[in-house]
Amino acid sequence: MKSNFYTIVYAAVLALVCATALTAVNELTKDAYAANLAAKKARNIMTVLGIPFDASTPAKEIVKISEDKVKTDKARSELYDTPVYYSDHPEYGRLWAIEFSGDGMWKPVEGLLCLRADMKTIHRITFYKQEETPGLGAKIADPPFQDSFQGKTIYDGAGKPGMALTPTGGKGKAHEIDAITGATITSGKVKDMLNTLIEKIAKVQAEEVSDVR
Amino acid sequence: MSDNSGCKHGGFCGGKGKETMKAGVWGINPVAIQVLGICSALAVTTTMMNSLVMSLALTFVCVGSNLFVSLLRDVTPRRIRMIAEVAIIATFVIIFDLLLKAFYFEMSEQLGPYVGLIITNCIVMGRAEAFALQNPPVVSIVDGLANGIGYTIVLCAVGFFRELFGAGQLFGITIFETTSKGGWYPQNVVMILAPGAFITLGFLIALYNYLSGANDPDKEATS
(Lines give C-alpha, C1' and ligand atoms only; values in the text may rest on other atoms or scores of the structure.)
Protein backbone atom coordinates (compact mmCIF):
# COMPACT_ATOMS: atom_id res chain seq x y z
CA MET A 1 0.00 0.00 0.00
CA LYS A 2 1.41 3.30 -1.06
CA SER A 3 1.32 6.21 1.37
CA ASN A 4 -1.38 8.86 1.36
CA PHE A 5 1.15 11.49 0.48
CA TYR A 6 2.28 9.54 -2.58
CA THR A 7 -1.32 9.07 -3.67
CA ILE A 8 -2.04 12.79 -3.43
CA VAL A 9 1.11 13.73 -5.31
CA TYR A 10 0.38 11.11 -7.98
CA ALA A 11 -3.17 12.41 -8.45
CA ALA A 12 -1.97 16.00 -8.64
CA VAL A 13 0.73 15.22 -11.19
CA LEU A 14 -1.62 13.14 -13.33
CA ALA A 15 -4.24 15.89 -13.26
CA LEU A 16 -1.63 18.47 -14.20
CA VAL A 17 -0.34 16.41 -17.13
CA CYS A 18 -3.85 15.72 -18.44
CA ALA A 19 -4.88 19.35 -18.07
CA THR A 20 -1.73 20.55 -19.83
CA ALA A 21 -2.32 18.16 -22.74
CA LEU A 22 -5.92 19.31 -23.09
CA THR A 23 -5.00 22.98 -22.89
CA ALA A 24 -2.40 22.50 -25.60
CA VAL A 25 -4.79 20.71 -27.96
CA ASN A 26 -7.50 23.26 -27.23
CA GLU A 27 -5.17 26.14 -28.06
CA LEU A 28 -4.15 24.48 -31.30
CA THR A 29 -7.69 23.77 -32.48
CA LYS A 30 -9.69 26.71 -31.16
CA ASP A 31 -9.22 28.96 -34.19
CA ALA A 32 -10.38 26.28 -36.59
CA TYR A 33 -13.34 25.52 -34.34
CA ALA A 34 -14.32 29.18 -34.09
CA ALA A 35 -14.13 29.45 -37.88
CA ASN A 36 -16.39 26.41 -38.22
CA LEU A 37 -18.93 27.90 -35.84
CA ALA A 38 -18.90 31.23 -37.68
CA ALA A 39 -19.32 29.40 -40.99
CA LYS A 40 -22.24 27.44 -39.61
CA LYS A 41 -23.93 30.64 -38.54
CA ALA A 42 -23.23 32.25 -41.91
CA ARG A 43 -24.71 29.23 -43.70
CA ASN A 44 -27.85 29.35 -41.58
CA ILE A 45 -28.39 33.03 -42.24
CA MET A 46 -27.73 32.73 -45.97
CA THR A 47 -30.02 29.72 -46.26
CA VAL A 48 -32.88 31.45 -44.53
CA LEU A 49 -32.38 34.59 -46.62
CA GLY A 50 -32.39 32.50 -49.78
CA ILE A 51 -28.84 33.40 -50.82
CA PRO A 52 -27.42 30.59 -52.94
CA PHE A 53 -23.99 29.25 -51.99
CA ASP A 54 -21.90 26.18 -52.60
CA ALA A 55 -22.19 23.85 -49.63
CA SER A 56 -18.61 22.65 -50.05
CA THR A 57 -17.11 26.14 -49.69
CA PRO A 58 -14.45 26.21 -46.94
CA ALA A 59 -15.36 27.80 -43.61
CA LYS A 60 -13.34 31.01 -43.95
CA GLU A 61 -14.61 31.78 -47.45
CA ILE A 62 -18.22 31.23 -46.55
CA VAL A 63 -17.89 33.78 -43.75
CA LYS A 64 -16.46 36.26 -46.27
CA ILE A 65 -19.28 35.66 -48.75
CA SER A 66 -21.81 36.17 -46.01
CA GLU A 67 -20.16 39.38 -44.78
CA ASP A 68 -20.36 40.61 -48.34
CA LYS A 69 -24.02 39.82 -48.90
CA VAL A 70 -25.65 39.95 -45.49
CA LYS A 71 -25.88 43.16 -43.49
CA THR A 72 -26.69 43.55 -39.82
CA ASP A 73 -29.32 46.12 -38.89
CA LYS A 74 -27.99 47.51 -35.63
CA ALA A 75 -30.97 49.76 -34.90
CA ARG A 76 -33.47 46.96 -35.34
CA SER A 77 -31.27 44.53 -33.44
CA GLU A 78 -31.51 46.86 -30.48
CA LEU A 79 -35.24 47.36 -30.82
CA TYR A 80 -35.92 43.62 -31.05
CA ASP A 81 -33.22 42.81 -28.52
CA THR A 82 -31.89 40.10 -30.86
CA PRO A 83 -29.60 40.17 -33.93
CA VAL A 84 -31.39 41.19 -37.13
CA TYR A 85 -29.86 40.62 -40.57
CA TYR A 86 -31.06 41.63 -43.99
CA SER A 87 -30.26 41.21 -47.65
CA ASP A 88 -31.98 42.04 -50.91
CA HIS A 89 -33.58 39.11 -52.67
CA PRO A 90 -33.96 39.41 -56.47
CA GLU A 91 -37.59 38.33 -56.34
CA TYR A 92 -38.92 39.33 -52.94
CA GLY A 93 -36.94 42.47 -52.27
CA ARG A 94 -35.54 43.06 -48.82
CA LEU A 95 -35.69 40.07 -46.54
CA TRP A 96 -35.13 40.23 -42.81
CA ALA A 97 -33.68 37.39 -40.78
CA ILE A 98 -34.26 37.62 -37.05
CA GLU A 99 -32.65 35.34 -34.51
CA PHE A 100 -34.85 33.84 -31.86
CA SER A 101 -34.42 31.37 -29.05
CA GLY A 102 -36.39 29.84 -26.25
CA ASP A 103 -36.84 26.77 -24.14
CA GLY A 104 -37.69 23.56 -25.94
CA MET A 105 -39.00 20.47 -24.25
CA TRP A 106 -35.53 19.35 -23.15
CA LYS A 107 -32.95 21.93 -24.16
CA PRO A 108 -32.90 25.45 -25.60
CA VAL A 109 -34.07 25.86 -29.18
CA GLU A 110 -32.54 28.46 -31.49
CA GLY A 111 -33.60 29.52 -34.92
CA LEU A 112 -33.98 32.25 -37.50
CA LEU A 113 -37.24 33.76 -38.69
CA CYS A 114 -37.08 35.36 -42.11
CA LEU A 115 -39.73 37.96 -42.93
CA ARG A 116 -40.43 39.65 -46.23
CA ALA A 117 -40.26 43.42 -46.66
CA ASP A 118 -43.81 43.93 -45.32
CA MET A 119 -42.65 42.57 -41.95
CA LYS A 120 -45.74 40.40 -41.91
CA THR A 121 -45.19 37.51 -44.28
CA ILE A 122 -42.87 34.66 -43.34
CA HIS A 123 -40.38 33.90 -46.06
CA ARG A 124 -38.68 31.01 -44.31
CA ILE A 125 -37.90 29.71 -40.88
CA THR A 126 -35.18 27.48 -39.57
CA PHE A 127 -34.50 25.84 -36.23
CA TYR A 128 -30.78 25.30 -36.38
CA LYS A 129 -30.27 24.26 -32.80
CA GLN A 130 -32.62 21.84 -31.13
CA GLU A 131 -32.41 18.69 -29.06
CA GLU A 132 -36.06 17.71 -29.02
CA THR A 133 -37.23 14.09 -28.90
CA PRO A 134 -35.95 12.30 -32.01
CA GLY A 135 -38.76 11.29 -34.32
CA LEU A 136 -41.28 13.56 -32.56
CA GLY A 137 -40.32 17.08 -31.48
CA ALA A 138 -37.12 16.91 -33.53
CA LYS A 139 -39.32 17.17 -36.62
CA ILE A 140 -39.12 20.95 -36.16
CA ALA A 141 -35.70 20.63 -37.81
CA ASP A 142 -37.12 18.79 -40.85
CA PRO A 143 -37.95 20.55 -44.12
CA PRO A 144 -41.69 19.64 -44.20
CA PHE A 145 -42.38 21.46 -40.93
CA GLN A 146 -40.18 24.44 -41.75
CA ASP A 147 -41.65 24.67 -45.26
CA SER A 148 -45.14 24.85 -43.80
CA PHE A 149 -44.30 28.34 -42.49
CA GLN A 150 -43.64 29.76 -45.94
CA GLY A 151 -46.07 32.49 -46.91
CA LYS A 152 -47.85 32.47 -43.55
CA THR A 153 -48.41 35.74 -41.73
CA ILE A 154 -47.49 36.68 -38.20
CA TYR A 155 -50.85 38.41 -37.66
CA ASP A 156 -54.22 36.71 -37.44
CA GLY A 157 -57.21 37.74 -39.55
CA ALA A 158 -58.14 40.54 -37.16
CA GLY A 159 -54.63 42.03 -37.23
CA LYS A 160 -53.65 40.72 -33.81
CA PRO A 161 -50.00 39.62 -33.71
CA GLY A 162 -49.31 35.95 -33.04
CA MET A 163 -49.18 32.55 -34.69
CA ALA A 164 -50.97 29.39 -33.73
CA LEU A 165 -49.83 25.78 -33.95
CA THR A 166 -52.99 23.72 -33.97
CA PRO A 167 -53.84 20.12 -34.82
CA THR A 168 -55.96 21.32 -37.72
CA GLY A 169 -53.69 24.19 -38.66
CA GLY A 170 -52.34 24.89 -42.06
CA LYS A 171 -55.75 24.58 -43.66
CA GLY A 172 -56.69 28.03 -44.78
CA LYS A 173 -55.94 30.38 -41.92
CA ALA A 174 -52.87 32.41 -42.75
CA HIS A 175 -51.44 32.50 -39.22
CA GLU A 176 -51.95 28.83 -38.37
CA ILE A 177 -49.40 26.06 -38.69
CA ASP A 178 -50.10 22.35 -38.48
CA ALA A 179 -48.65 21.30 -35.13
CA ILE A 180 -46.51 18.16 -34.88
CA THR A 181 -48.48 15.09 -33.90
CA GLY A 182 -47.08 13.51 -30.77
CA ALA A 183 -45.04 16.58 -29.90
CA THR A 184 -47.58 18.74 -28.11
CA ILE A 185 -45.06 20.26 -25.72
CA THR A 186 -42.49 21.06 -28.42
CA SER A 187 -45.21 22.58 -30.58
CA GLY A 188 -46.39 24.72 -27.68
CA LYS A 189 -42.87 25.86 -26.83
CA VAL A 190 -42.15 26.75 -30.44
CA LYS A 191 -45.37 28.74 -30.59
CA ASP A 192 -44.45 30.58 -27.38
CA MET A 193 -40.95 31.53 -28.50
CA LEU A 194 -42.21 32.68 -31.89
CA ASN A 195 -44.98 34.76 -30.38
CA THR A 196 -42.59 36.42 -27.95
CA LEU A 197 -40.57 37.56 -30.96
CA ILE A 198 -43.64 38.42 -33.03
CA GLU A 199 -45.01 40.64 -30.28
CA LYS A 200 -41.75 42.60 -30.26
CA ILE A 201 -41.81 42.94 -34.03
CA ALA A 202 -45.46 44.01 -34.00
CA LYS A 203 -44.83 46.57 -31.27
CA VAL A 204 -41.96 48.13 -33.20
CA GLN A 205 -44.00 48.11 -36.41
CA ALA A 206 -46.95 49.80 -34.69
CA GLU A 207 -44.66 52.52 -33.32
CA GLU A 208 -43.05 53.04 -36.72
CA VAL A 209 -46.45 53.39 -38.35
CA SER A 210 -47.59 55.94 -35.78
CA ASP A 211 -44.33 57.85 -36.20
CA VAL A 212 -44.95 58.16 -39.92
CA ARG A 213 -48.43 59.47 -39.28
CA MET B 1 -15.80 -5.97 -13.61
CA SER B 2 -16.83 -9.31 -14.94
CA ASP B 3 -13.81 -9.40 -17.20
CA ASN B 4 -11.59 -10.80 -14.45
CA SER B 5 -13.33 -14.13 -14.82
CA GLY B 6 -12.49 -14.17 -18.49
CA CYS B 7 -8.97 -15.57 -18.04
CA LYS B 8 -10.08 -19.17 -18.17
CA HIS B 9 -11.53 -18.64 -21.64
CA GLY B 10 -8.05 -18.40 -23.06
CA GLY B 11 -6.44 -15.59 -24.99
CA PHE B 12 -7.76 -13.06 -22.51
CA CYS B 13 -4.78 -12.47 -20.29
CA GLY B 14 -2.13 -14.23 -22.35
CA GLY B 15 0.52 -11.69 -23.18
CA LYS B 16 1.05 -12.75 -26.79
CA GLY B 17 0.17 -10.25 -29.49
CA LYS B 18 -1.46 -12.62 -31.95
CA GLU B 19 -3.79 -14.22 -29.42
CA THR B 20 -4.64 -10.83 -27.98
CA MET B 21 -5.51 -9.53 -31.41
CA LYS B 22 -7.63 -12.56 -32.26
CA ALA B 23 -9.45 -12.40 -28.92
CA GLY B 24 -10.34 -8.72 -29.25
CA VAL B 25 -11.47 -8.90 -32.85
CA TRP B 26 -13.34 -12.20 -32.75
CA GLY B 27 -13.10 -14.46 -29.70
CA ILE B 28 -14.35 -12.01 -27.09
CA ASN B 29 -15.61 -9.34 -29.46
CA PRO B 30 -16.53 -6.42 -27.20
CA VAL B 31 -19.95 -5.81 -28.76
CA ALA B 32 -21.07 -9.18 -30.08
CA ILE B 33 -19.92 -11.31 -27.14
CA GLN B 34 -19.45 -9.02 -24.17
CA VAL B 35 -22.33 -6.78 -25.28
CA LEU B 36 -20.46 -3.68 -24.14
CA GLY B 37 -20.67 -0.22 -25.67
CA ILE B 38 -24.19 -0.92 -26.90
CA CYS B 39 -25.40 2.63 -26.29
CA SER B 40 -23.13 4.10 -28.91
CA ALA B 41 -23.51 1.07 -31.20
CA LEU B 42 -27.22 1.76 -31.34
CA ALA B 43 -27.12 5.53 -31.41
CA VAL B 44 -24.65 6.45 -34.12
CA THR B 45 -25.03 3.62 -36.62
CA THR B 46 -27.59 5.29 -38.87
CA THR B 47 -24.96 5.66 -41.58
CA MET B 48 -21.71 3.95 -42.49
CA MET B 49 -19.72 7.17 -42.18
CA ASN B 50 -20.97 7.85 -38.65
CA SER B 51 -20.17 4.27 -37.66
CA LEU B 52 -16.70 4.51 -39.11
CA VAL B 53 -15.78 7.80 -37.43
CA MET B 54 -17.22 6.63 -34.12
CA SER B 55 -15.20 3.41 -34.40
CA LEU B 56 -12.09 5.41 -35.19
CA ALA B 57 -12.71 7.53 -32.08
CA LEU B 58 -13.12 4.48 -29.88
CA THR B 59 -10.04 2.78 -31.32
CA PHE B 60 -7.96 5.92 -30.79
CA VAL B 61 -9.13 6.26 -27.20
CA CYS B 62 -8.76 2.56 -26.44
CA VAL B 63 -5.21 2.37 -27.80
CA GLY B 64 -4.15 5.62 -26.09
CA SER B 65 -5.65 4.84 -22.71
CA ASN B 66 -4.41 1.24 -22.75
CA LEU B 67 -0.89 2.47 -23.49
CA PHE B 68 -0.82 4.99 -20.68
CA VAL B 69 -2.62 2.85 -18.14
CA SER B 70 -0.09 0.12 -18.89
CA LEU B 71 2.91 2.46 -18.66
CA LEU B 72 1.72 3.76 -15.32
CA ARG B 73 0.53 0.40 -13.97
CA ASP B 74 3.41 0.00 -11.51
CA VAL B 75 3.33 3.52 -10.13
CA THR B 76 -0.43 4.00 -9.92
CA PRO B 77 -1.71 3.64 -6.35
CA ARG B 78 -4.32 0.86 -6.38
CA ARG B 79 -6.83 2.86 -4.40
CA ILE B 80 -7.17 5.56 -7.04
CA ARG B 81 -6.46 3.46 -10.11
CA MET B 82 -9.97 3.79 -11.53
CA ILE B 83 -9.96 7.55 -11.13
CA ALA B 84 -6.58 7.64 -12.83
CA GLU B 85 -7.94 5.49 -15.67
CA VAL B 86 -10.95 7.75 -16.14
CA ALA B 87 -8.69 10.82 -16.19
CA ILE B 88 -6.52 9.27 -18.91
CA ILE B 89 -9.54 8.07 -20.92
CA ALA B 90 -11.27 11.46 -20.62
CA THR B 91 -8.14 13.22 -21.84
CA PHE B 92 -8.03 11.12 -25.02
CA VAL B 93 -11.75 11.47 -25.62
CA ILE B 94 -11.66 15.25 -25.29
CA ILE B 95 -8.61 15.46 -27.57
CA PHE B 96 -10.46 13.48 -30.24
CA ASP B 97 -13.56 15.60 -29.79
CA LEU B 98 -11.56 18.81 -30.18
CA LEU B 99 -9.85 17.50 -33.32
CA LEU B 100 -13.20 16.51 -34.77
CA LYS B 101 -14.67 19.95 -34.06
CA ALA B 102 -11.73 21.64 -35.72
CA PHE B 103 -11.20 19.44 -38.76
CA TYR B 104 -14.42 17.53 -39.38
CA PHE B 105 -17.09 19.85 -38.07
CA GLU B 106 -20.11 18.33 -39.85
CA MET B 107 -19.33 14.90 -38.45
CA SER B 108 -18.84 16.37 -34.99
CA GLU B 109 -22.33 17.91 -35.25
CA GLN B 110 -23.84 14.62 -36.36
CA LEU B 111 -22.25 12.52 -33.65
CA GLY B 112 -23.28 15.12 -31.11
CA PRO B 113 -22.72 14.03 -27.53
CA TYR B 114 -21.73 10.48 -28.42
CA VAL B 115 -18.03 11.21 -28.87
CA GLY B 116 -17.91 12.67 -25.37
CA LEU B 117 -19.81 9.69 -24.08
CA ILE B 118 -16.94 7.37 -25.07
CA ILE B 119 -15.58 8.31 -21.63
CA THR B 120 -18.29 6.11 -20.15
CA ASN B 121 -17.97 3.40 -22.79
CA CYS B 122 -17.53 0.12 -20.95
CA ILE B 123 -15.13 -1.22 -23.57
CA VAL B 124 -12.46 1.41 -22.88
CA MET B 125 -12.69 1.20 -19.11
CA GLY B 126 -13.02 -2.58 -19.31
CA ARG B 127 -9.83 -2.98 -21.33
CA ALA B 128 -7.90 -0.63 -19.06
CA GLU B 129 -9.03 -2.52 -15.95
CA ALA B 130 -8.89 -6.04 -17.30
CA PHE B 131 -5.91 -5.88 -19.59
CA ALA B 132 -3.70 -2.80 -19.53
CA LEU B 133 -3.39 -2.87 -15.75
CA GLN B 134 -1.72 -6.31 -15.86
CA ASN B 135 0.16 -6.21 -19.14
CA PRO B 136 3.15 -4.44 -20.69
CA PRO B 137 2.61 -1.45 -22.98
CA VAL B 138 3.11 -3.01 -26.42
CA VAL B 139 0.69 -5.85 -25.95
CA SER B 140 -1.73 -3.41 -24.34
CA ILE B 141 -1.66 -1.33 -27.51
CA VAL B 142 -2.41 -4.49 -29.48
CA ASP B 143 -5.31 -5.20 -27.15
CA GLY B 144 -6.69 -1.68 -27.56
CA LEU B 145 -6.35 -1.95 -31.32
CA ALA B 146 -7.94 -5.39 -31.39
CA ASN B 147 -10.95 -4.26 -29.39
CA GLY B 148 -11.22 -1.16 -31.55
CA ILE B 149 -11.28 -3.32 -34.67
CA GLY B 150 -13.80 -5.68 -33.08
CA TYR B 151 -16.02 -2.71 -32.29
CA THR B 152 -15.50 -1.31 -35.79
CA ILE B 153 -16.57 -4.56 -37.47
CA VAL B 154 -19.83 -4.73 -35.55
CA LEU B 155 -20.62 -1.01 -35.86
CA CYS B 156 -19.94 -0.96 -39.57
CA ALA B 157 -22.04 -4.09 -40.07
CA VAL B 158 -24.95 -2.47 -38.21
CA GLY B 159 -24.37 0.79 -40.08
CA PHE B 160 -24.27 -1.06 -43.41
CA PHE B 161 -27.71 -2.61 -42.98
CA ARG B 162 -29.27 0.47 -41.39
CA GLU B 163 -28.10 2.89 -44.04
CA LEU B 164 -28.82 0.49 -46.91
CA PHE B 165 -32.33 -0.48 -45.84
CA GLY B 166 -33.18 2.77 -44.07
CA ALA B 167 -32.02 5.30 -46.62
CA GLY B 168 -31.11 3.16 -49.63
CA GLN B 169 -27.59 4.53 -49.49
CA LEU B 170 -24.05 3.56 -48.51
CA PHE B 171 -21.59 6.27 -47.47
CA GLY B 172 -24.21 8.71 -48.76
CA ILE B 173 -24.13 7.19 -52.26
CA THR B 174 -27.49 6.01 -53.50
CA ILE B 175 -27.70 2.24 -53.97
CA PHE B 176 -31.48 1.80 -53.97
CA GLU B 177 -33.39 4.70 -55.50
CA THR B 178 -36.05 5.51 -52.88
CA THR B 179 -39.66 6.13 -53.81
CA SER B 180 -39.51 9.64 -52.37
CA LYS B 181 -37.04 10.46 -55.13
CA GLY B 182 -38.99 8.62 -57.78
CA GLY B 183 -37.22 5.27 -57.44
CA TRP B 184 -38.50 1.80 -56.64
CA TYR B 185 -37.32 1.34 -53.05
CA PRO B 186 -39.83 2.20 -50.30
CA GLN B 187 -37.70 3.66 -47.52
CA ASN B 188 -37.78 1.58 -44.35
CA VAL B 189 -37.89 4.25 -41.65
CA VAL B 190 -37.73 1.79 -38.76
CA MET B 191 -34.13 1.02 -39.73
CA ILE B 192 -33.14 4.65 -39.17
CA LEU B 193 -34.86 4.78 -35.78
CA ALA B 194 -33.53 3.10 -32.64
CA PRO B 195 -35.59 -0.14 -32.99
CA GLY B 196 -33.85 -0.80 -36.31
CA ALA B 197 -30.52 -0.84 -34.50
CA PHE B 198 -31.79 -3.31 -31.90
CA ILE B 199 -33.17 -5.62 -34.58
CA THR B 200 -30.03 -5.44 -36.71
CA LEU B 201 -27.71 -6.00 -33.76
CA GLY B 202 -29.86 -8.88 -32.57
CA PHE B 203 -29.60 -10.62 -35.92
CA LEU B 204 -25.87 -9.94 -36.08
CA ILE B 205 -25.25 -11.41 -32.64
CA ALA B 206 -27.35 -14.44 -33.58
CA LEU B 207 -25.29 -14.86 -36.74
CA TYR B 208 -22.08 -14.42 -34.79
CA ASN B 209 -23.12 -17.05 -32.26
CA TYR B 210 -24.03 -19.43 -35.05
CA LEU B 211 -20.68 -18.94 -36.79
CA SER B 212 -18.58 -19.23 -33.66
CA GLY B 213 -20.67 -21.99 -32.07
CA ALA B 214 -21.10 -19.87 -28.99
CA ASN B 215 -24.09 -21.89 -27.76
CA ASP B 216 -21.66 -23.78 -25.58
CA PRO B 217 -22.27 -22.34 -22.09
CA ASP B 218 -18.58 -22.67 -21.22
CA LYS B 219 -17.67 -20.32 -24.00
CA GLU B 220 -20.21 -17.68 -23.19
CA ALA B 221 -18.83 -14.56 -21.60
CA THR B 222 -21.03 -12.63 -19.24
CA SER B 223 -21.25 -8.91 -19.32
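The structure presented is a predicted model; accordingly, all values stated were derived computationally and were not measured. (Residues numbered from 1 in each chain as written. Chains lettered and ligands numbered in written order. Predicted model: local features only at pLDDT ≥ 70, side-chain atom pairs only at ≥ 80, totals over all residues.)

Notes on the overall build of chain A
We count it as follows: Runs of H or I in DSSP of at least four residues are treated as helices and runs of E of at least two as strands, each being numbered from the N terminus. It is over C-alpha atoms that the radius of gyration is taken, and the globule rule equals 2.2 Å times the number of residues to the power 0.38. Residue pairs are scored as contacts if the distance between their C-beta atoms, which are placed from the backbone, is within 7 Å.
In terms of regular secondary structure, chain A is built from five helices and seven strands. Helices (α) and strands (β) of chain A occur, in sequence order from the N terminus, as α-α-β-α-β-β-β-β-α-β-β-α. By the compact-globule yardstick of 17 Å for 213 residues, chain A is too spread out, its C-alpha radius of gyration being 22 Å. By principal-axis analysis of the C-alpha atoms, chain A measures approximately 80 × 40 × 35 Å. Considering only contacts in chain A between residues 6 or more positions apart, those separated by 24 or more positions represent 49%.

Side note on the overall build of chain B
For clarity, the cut-off: Counting other C-beta atoms within 10 Å of a residue's C-beta gives its exposure: the residue is buried at 20 or more, exposed at 12 or fewer, and partly exposed in between, where C-beta atoms are placed from the backbone.
Helix and strand counts for chain B stand at nine helices and two strands. Beginning at the N terminus, the succession of helices and strands in chain B can be written as α-α-α-α-α-α-α-β-β-α-α. Relative to its full complement of 223 residues, chain B shows a buried share of 43%. A fraction of 73% describes how many contacts in chain B between residues 6 or more apart in sequence connect residues 24 or more apart.

Description of the interface of chain A and chain B
Just so we agree on the cut-off: Under the scheme applied here, ten amino acids are nonpolar (Ala, Val, Leu, Ile, Met, Phe, Trp, Tyr, Cys and Pro), four are charged (Asp, Glu, Lys and Arg), and all others, including Gly, are polar.
Residue-level contacts link 17 residues of chain A with 16 residues of chain B. Among the residues making up the side of chain A that touches chain B, the classes are represented as 11 nonpolar, five polar and one charged.

A short note on helix α1 (residues 17-27) of chain B
Turning to α1 of chain B, its buried residues number three or more, namely T20, M21, A23, G24 and G27 of chain B. In this structure, the buried side of α1 of chain B is in contact with α7 (137-167) of chain B.

Quick notes on the domain arrangement of chain A
Residues and elements named next belong to chain A. Stated precisely, the cut-off is as follows: An automatic or database domain assignment is the source of the domain bounds shown.
Segmentation of chain A into domains returns domain 1 (1-69) and domain 2 (72-212). On a C-alpha basis, the centres of domain 1 and domain 2 stand 30 Å from each other. Here the element with the most residues in the side of domain 1 that touches domain 2 is helix α1 (residues 4-48); it accounts for four residues.

A few points about the pairing of strand β3 (residues 93-103) of chain A
All names here are of chain A. Defined as follows: Strand pairing requires that DSSP identify at least two bridges connecting the strands.
In the sheet, strand β2 (residues 84-89) pairs with β3 via six bridges, with the strands oriented antiparallel. Of the residues in β3, the one forming a bridge with Y85 is A97. When β3 meets strand β4 (residues 108-115), the two strands line up antiparallel, connected through eight bridges. Among the inter-strand pairings, S101 is bridged to a residue of β4, identified as E110.

Comments concerning the packing of α1 of chain B against α7 of chain B
The relative placement of two packed helices is expressed as an angle between their axes plus a distance between the axes. Residues and elements named next belong to chain B. Note the threshold: Lines fitted to C-alpha atoms define the axes, with helix axes restricted to the stretch in contact, and inter-axis angles between N-to-C directions lie between 0 and 180 degrees. Working rule for angles: under 35 degrees goes down as roughly parallel, over 145 as roughly antiparallel, 65 to 115 as roughly perpendicular, anything else as oblique. For a crossing to be left-handed, the near helix must be turned anticlockwise from the far one by less than a right angle; the clockwise case is right-handed.
The geometry of α1 relative to α7 is characterised by a closest axis approach of 7 Å and an angle of 25° between their N-to-C directions. Here α1 lies roughly parallel to α7, going by the angle between them. Handedness of the crossing formed by α1 with α7: right-handed. Contacts between α1 and α7 involve G17, T20, M21, A23, G24 and V25 from the first element and V139, V142, D143, A146, N147, I149, G150 and I153 from the second. Its residues assigned to classes, the contact of α1 with α7 shows eight nonpolar, five polar and one charged.

Quick look at unusual backbone geometry
Of note in this structure, D81 of chain A is not a glycine but carries a positive phi near 65°. Positionally, D81 of chain A belongs in the loop between α3 (74-80) and β2. You can call D81 of chain A exposed: it has 9 C-beta atoms within 10 Å. Even without glycine at this site, F171 of chain B takes up a positive phi of about 50°. On the secondary structure map, F171 of chain B appears in the loop between β1 (169-170) and β2 (173-174).

Notes on the sheet that holds β2 of chain A
All names here are of chain A. Strands sit in the order β1-β2-β3-β4-β5 across an open sheet of five strands; the sheet is antiparallel. The open sheet terminates on both sides in strands that have one partner only, identified here as β1 (71-72) and β5 (122-129). α1 contacts β2, β3, β4 and β5 of the sheet and is inclined by roughly 155° relative to β5.

Some remarks on the environment of I62 of chain A
Residue and element names in this part refer to chain A. Along the chain, I62 falls in helix α2 (residues 59-69). Considered as a pair, I62 and K41 are 21 residues apart in the sequence and their alpha carbons are 9.9 Å apart. In this view, I62 contacts A39, A42, R43, F53 and T57; residues no more than four positions away in its chain are not counted.

Overview of the confidence of the model for chain B
Filter applied, for reference: pLDDT measures how confident the predictor is about each residue, on a scale from 0 to 100.
With 88% of its residues at a pLDDT of at least 70, chain B reaches an overall mean of 83. Throughout residues 1-14 of chain B the model reports pLDDT below 50, and contacts reaching past four residues in sequence, or to other chains, amount to 26 contacts.

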